[in-house]
Amino acid sequence: MSDIKSKEWFERAKCHIPGGVNSPVRAFGSVGRTPRFIASAKGSKIKDVDGNEMIDYVCSWGPAILGHAHPRVIAAVQQACEEGLTYGAPTSKEVLIAELIAKLMPSMEVSRLVNSGTEAVMSAIRTARGYTKRDKIIKFKGCYHGHSDGLLVKAGSAALTTSIPDSAGVPKDYTKHTLIALYNDKISVEKLFQANPKEIAAVIVEPVAANMGVVLPEQGFLEFLREITKQYGALLIFDEVITGFRLGIGGAQAYYNITPDLTTLGKIVGGGMPIGAYGGKREIMQMVSPLGSVYQAGTLSGNPIATAAGLETLRILKEDPMIYERLEEKTKILTKTVQKAAGNRVWINQIGSLFSVFFTKQPVKDYESAISSDTNCYTDYFGYLLEHGIYIAPSQFEAVFVSDAHTKEDIDTTCKVIESYFGDI
Ligand code: KE4
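The sections below set out a description of the structure shown in this document.

Rules and cut-offs
- Counting from 1, residues in each chain are numbered in the order their sequence is written.
- The model is predicted, so local features are restricted to residues of pLDDT at least 70 and side-chain atom pairs to those at 80 or more, both for listing and for counting; the totals for chains, interfaces and linings are taken over all residues.
- Only hydrogens and water are set aside when side-chain values are computed; all heavy atoms of the structure are taken into account.
- Secondary structure counts use DSSP, requiring at least four H or I residues in a row for a helix and at least two E residues in a row for a strand, with both numbered from the N terminus.
- C-alpha atoms define the radius of gyration, and 2.2 Å times the number of residues to the power 0.38 defines the globule rule.
- Throughout, a residue-residue contact means that at least one pair of heavy atoms, one from each residue, lies within 4.5 Å.
- Computed with the Shrake-Rupley method and a 1.4 Å probe, the accessible areas treat only the protein chains shown as cover for residues.
- His is not counted, nor are the chain ends, whereas Lys and Arg count as positive and Asp and Glu as negative.
- Each charge is placed at NZ for Lys, CZ for Arg, CG for Asp and CD for Glu.
- Only when DSSP finds a minimum of two bridges between them are two strands counted as paired.
- Here an axis means a line fitted to C-alpha atoms, over the contact stretch when the element is a helix, while the angle between two N-to-C directions is reported on a 0 to 180 degree scale.
- Proximity criterion: a residue is near a molecule or strand once any of its heavy atoms comes within 4 Å of it.
- By the criterion applied in these results, polar contacts are pairs of N or O atoms within 3.5 Å in which, for protein atoms, one can donate a hydrogen and the other can accept it, and in which residues neighboring in sequence qualify only through two side-chain atoms.

Focus on the overall build of the chain
- Looking only at helices and strands, one finds 15 helices and 14 strands in the chain.
- In terms of overall dimensions, the chain is globule-like: its C-alpha atoms have a radius of gyration of 21 Å, near the 22 Å expected for 425 residues.
- Over its C-alpha atoms, taken along the principal directions, the chain stretches across nearly 60 × 55 × 45 Å.
- Taking the intrachain contacts of the chain between residues at least 6 apart in sequence as the baseline, contacts between residues at least 24 apart amount to 71%.
- Carbon and sulfur atoms provide 54% of the accessible area of the chain, an area that totals close to 17,900 Å².
- Separation of charge centres in the chain, based on 45 positive and 46 negative side chains, amounts to 2 Å.

So, the sheet that holds strand β8 (residues 235-239)
- Here seven strands make up an open sheet; going across it, the order is β4-β10-β9-β8-β7-β5-β6 and the pairing mixed. Looking at which strands have only one partner, the edges of the open sheet turn out to be β4 (110-114) and β6 (178-181). Each neighbouring strand pair of the sheet contributes to a mean axis angle of 20 degrees, computed without reference to strand direction.
- Where strand β9 (residues 262-265) lies against strand β10 (residues 276-280), four bridges are found, and the strand directions are antiparallel. By the bridge assignment, leucine 262 is partnered in β10 with glycine 280.

Describing the site of the ligand
- Close contacts around the ligand come from 17 residues, with Ser23, Thr118, Asn211, Asp239 and Glu398 the closest.
- The separation between a nitrogen atom of the ligand and a polar side-chain atom of aspartate 239 is 2.7 Å.
- Against a free-state accessible area of 540 Å², the protein chains account for coverage of 88% of the ligand.

As structure tokens, then:
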């Protein structure tokens with residue numbers, strides 16, 4: 001597969017964009033290759049500027065659960081564009097999507113739209129602090145919640161591969177209220193609450209961690225977080241930017257039957273357009289301006305193009321209850337094929353249409369076991385799949401995303417490439 005044009009665009013990009021990309025993980029840094037510059041995408045396929053067509057399992061890091069350029073979503077966006085791009089004023093579509101979010105995720109009876117998952121998390125944290133009048137928060141090592149200053153501490157995702165878990169430019173004062181616990185380690189959470197009994201505003205958690213690769217919550221871990229936060233008067237924030245509408249129409253909170261106090265959303269809720277959202281109990285969300293004293297604002301929040309894409313996406317997901325069964329069925333064919341071909345050379349974590357293949361013989365149950373995986377092996381695996389037309393995340397510490405547009409033929413082709421890879425090595 002030629003990547004000449006990608007190479008040319010990458011060199012040009014680096015002249016005016018840091019690292020040539022608008023988000024670090026896209027630079028393919030941890031896999032040591034030139035990133036493919038994408039020209040178009042449709043259904044399960046993406047096509048790069050050299051004309052290479054690939055089966056896409058990045059799905060824009062989650063949003064493309066219906067596949068790329070779904071006809072109904074495109075039609076809704078085109079219709080919205082005819083009516084103007086943005087007004088900076090309330091619209092009916094914002095009401096409709098807030099109502100739909102509340103219906104699909106009842107814990108989010110009141111929600112506010114923003115423009116990214118980062119903004120959603122930043123705003124949810126501020127709201128939790130405003131509501132509890134406490135400053136400290138607990139996050140988990142290896143979980144990623146966007147790039148707001150206070151959360152870039154032992155973050156996951158690209159912050160793992162770029163080995164700057166504590167980002168430069170973040171004053172120590174900005175993270176002194178951020179306490180770090182270990183995912184799936186109840187004792188690490190208990191110790192922090194015992195040491196700060198009346199100071200913790202919230203615990204924020206990815207209910208299924210997907211930024212150290214996919215790491216599942218162990219039995220009772222989420223229930224424990226729900227109980228200990230209630231016990232100490234702290235809020236429980238589920239960061240469902242990835243899991244929201246991915247694990248099911250009700251997200252991880254429905255899947256595990258846990259009601260958080262606040263939830264953050266991104267990715268799928270925007271259907272490919274920039275939308276984040278945060279929301280929860282009315283009594284908490286009425287802290288938010290203009291009702292309450294927690295300020296948060298945004299020029300393009302809830303804009304009519306993004307809400308058109310998000311609404312149509314959620315409607316399609318809601319209409320077809322079988323979609324999540326189809327997604328999991330296809331995903332399990334892939335994971336079973338990898339496990340059979342690789343044997344004990346890999347550990348796979350899978351839930352719904354999310355999974356990660358870790359190059360390690362030991363179970364991956366937490367941050368330490370995740371980062372023990374062999375990233376050189378992952379790099380080799382990534383390169384082979386890419387050269388054979390299968391596009392997965394250019395980092396061990398991300399997830400594979402399966403979409404409703406992946407056909408039986410796509411899955412079969414992918415399985416054949418995976419079998420040939422593990423057969424050859
Ligand atoms: P955004 O600001 O990128 O929309 O969302 C931040 C965010 C918040 N919470 C969770 C659980 C997330 O996974 C993310 C962003 N996810 C990464 C992929 N792991 C986005 C890809 C990227 O950074 O380019």
